[in-house]
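So you can see what is in the structure, the chains are spelled out below.
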Amino acid sequence: MSKFKNVFVIDDDKVYHFIIKKLFAKNNININLSFYLNGLEAIEDIKDKIKLGTNLPDLILLDINMPIMDGWQFLDEYKKTKKVTPEKTTIYLVSSSDSISDVNKAKEYQDQIKDFFFKPMKAEDLCKIF
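Residues numbered from 1 in each chain as written. Predicted model: local features only at pLDDT ≥ 70, side-chain atom pairs only at ≥ 80, totals over all residues. Heavy atoms only, no water.

### Observations concerning the pattern of salt bridges
The criterion, for reference: Should a side-chain nitrogen of Lys or Arg be within 4 Å of a carboxyl oxygen of Asp or Glu, the pair is scored as a salt bridge.
Inspection of every chain in the model, using the stated rule, returns six salt bridges. Among the charged side chains, a network of salt bridges with common partners joins Asp11, Asp63 and Lys119.

Rendered as structure tokens:
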């Protein structure tokens, strides 16, 4: 049984959403997956869940480069919501960006993120998480 029950995938690539669904199914990881096309959609849902007292994500797989609200902006906003709720959420950055500036910037968020994976995610990456 996975320690993660509610997983948010925040990524603007719908093909990536499909790949994640298949990867989780192929590896028999049965969890509640929620998909968001940008950080703003996700942060608004999180704020709604806080107001309603419903389950927040246990795990977030977060892309960096997205329209409307990117991964860095999401992390800044999410940090503000953590002051409202004591629940622990594990966040992994998952990006196709191999820019050294993104890798270095991720280090600035090490208090919020657990690790950085490059797309596409592989079964070995899931093993590290689960």
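### Overview of the sheet that holds strand E4 (residues 90-95)
Sheet strands associate in pairs through backbone hydrogen bonding, adopting either a parallel or an antiparallel arrangement. Stated formally: Whether two strands pair depends on DSSP finding at least two bridges between them. Counting from the N terminus, the helices are DSSP H or I runs at least four residues long and the strands are E runs at least two residues long. The angle between two axes is taken between their N-to-C directions and runs from 0 to 180 degrees, where each axis is a line fitted to C-alpha atoms and a helix contributes only its stretch in contact. The contact rule is simple, with two residues in contact once any of their heavy atoms fall within 4.5 Å.
Ordered by their spatial adjacency, five strands build an open sheet running E2-E1-E3-E4-E5, and the pairing between neighbours is parallel. With one partner strand each, in any of the chains shown, strand E2 (32-36) and strand E5 (113-118) form the two edges of the open sheet. Adjacent strand axes in the sheet meet at a mean angle of 20° when their direction is disregarded. Summarising the sheet, strand E1 (residues 6-10) and strand E3 (residues 59-62) pair through four bridges and their orientation is parallel. Each bridged residue has a counterpart across the sheet, and for Val9 the counterpart in E3 is Leu61. Sheet strands in contact with helix H1 (residues 14-26) are E1, E2, E3 and E4, and its direction is about 170° off that of E2. Contacting E1, E3, E4 and E5, helix H3 (residues 71-81) crosses the sheet at an angle of about 150° to E3.

### Some points on H1
Heads up, the rule is: The length a helix should cover is 1.5 Å for every residue beyond the first. Note on classification: 1.4 Å probe, protein chains only; a residue is buried when its accessible area is under 20% of the maximum for its type, exposed when over 50%, partly exposed between these limits. Along the arc lie the directions from the helix axis toward the C-beta atoms. Polar contacts here mean pairs of N or O atoms no more than 3.5 Å apart (in protein, one a potential hydrogen donor and the other a potential acceptor; neighbouring residues in sequence count only if both atoms are side-chain atoms).
Taking 1.5 Å per residue as the helical rise, H1 with its 13 residues ought to reach 18 Å, and the 18 Å between its terminal C-alpha atoms agrees with that figure. Where H1 is concerned, the buried positions are Tyr16, His17, Ile20, Leu23 and Phe24. In an axial view of H1, the angular spread of the buried residues amounts to 130°, which keeps them on one side of the axis. Exposed side chains of H1 directed beyond 90 degrees from the buried face belong to Lys14, Val15, Lys22, Ala25 and Lys26. Looking at the buried side of H1, the elements it contacts are E1, E2, E3, E4 and helix H5 (123-129). N-capping of H1 is provided by Asp13, with a side-chain oxygen placed 2.9 Å from the backbone N of Val15. Among the residues trailing H1, Asn28 stands out with phi positive, at a value near 55°.

### Thoughts on the packing of aromatic side chains
Heads up, the condition is: Working definition: rings of Phe, Tyr and Trp (its six-membered ring) pair if their centres are within 6.5 Å, and the pair is stacked with planes under 30 degrees apart, edge-to-face with planes over 60 apart, and tilted otherwise. The rule is short: NZ of Lys or CZ of Arg within 6 Å of the ring centre and within 35 degrees of the ring normal puts a charge over the ring.
Enumeration according to the criterion identifies seven aromatic pairs in this entry. Note on Phe4 and Phe130: the rings are 5.5 Å apart at their centroids and 90° apart in plane angle, and the pair reads as edge-to-face. Highlighted residues: Phe4 in the segment before E1 and Phe130 in the segment after H5, separated in sequence by 126 residues. Relative accessible area serves as the criterion here: at 4%, Phe4 is assigned to the buried category. On the numbers, 5.6 Å between centres and 85° between planes, the contact of Phe24 with Phe130 is edge-to-face. In this pair, Phe24 sits in helix H1 while Phe130 sits in the segment after H5, placing the two residues 106 residues apart along the sequence. Owing to a relative accessible area of 1%, Phe24 belongs among the buried residues under this scheme. Assessed through its relative accessible area of 34%, Phe130 is described here as partly exposed. Linked through ring pairs, Phe4, Phe24 and Phe130 together constitute an aromatic cluster. Above the ring of Tyr16, the side-chain terminus of Lys119 is found at 4.6 Å from the ring centroid.

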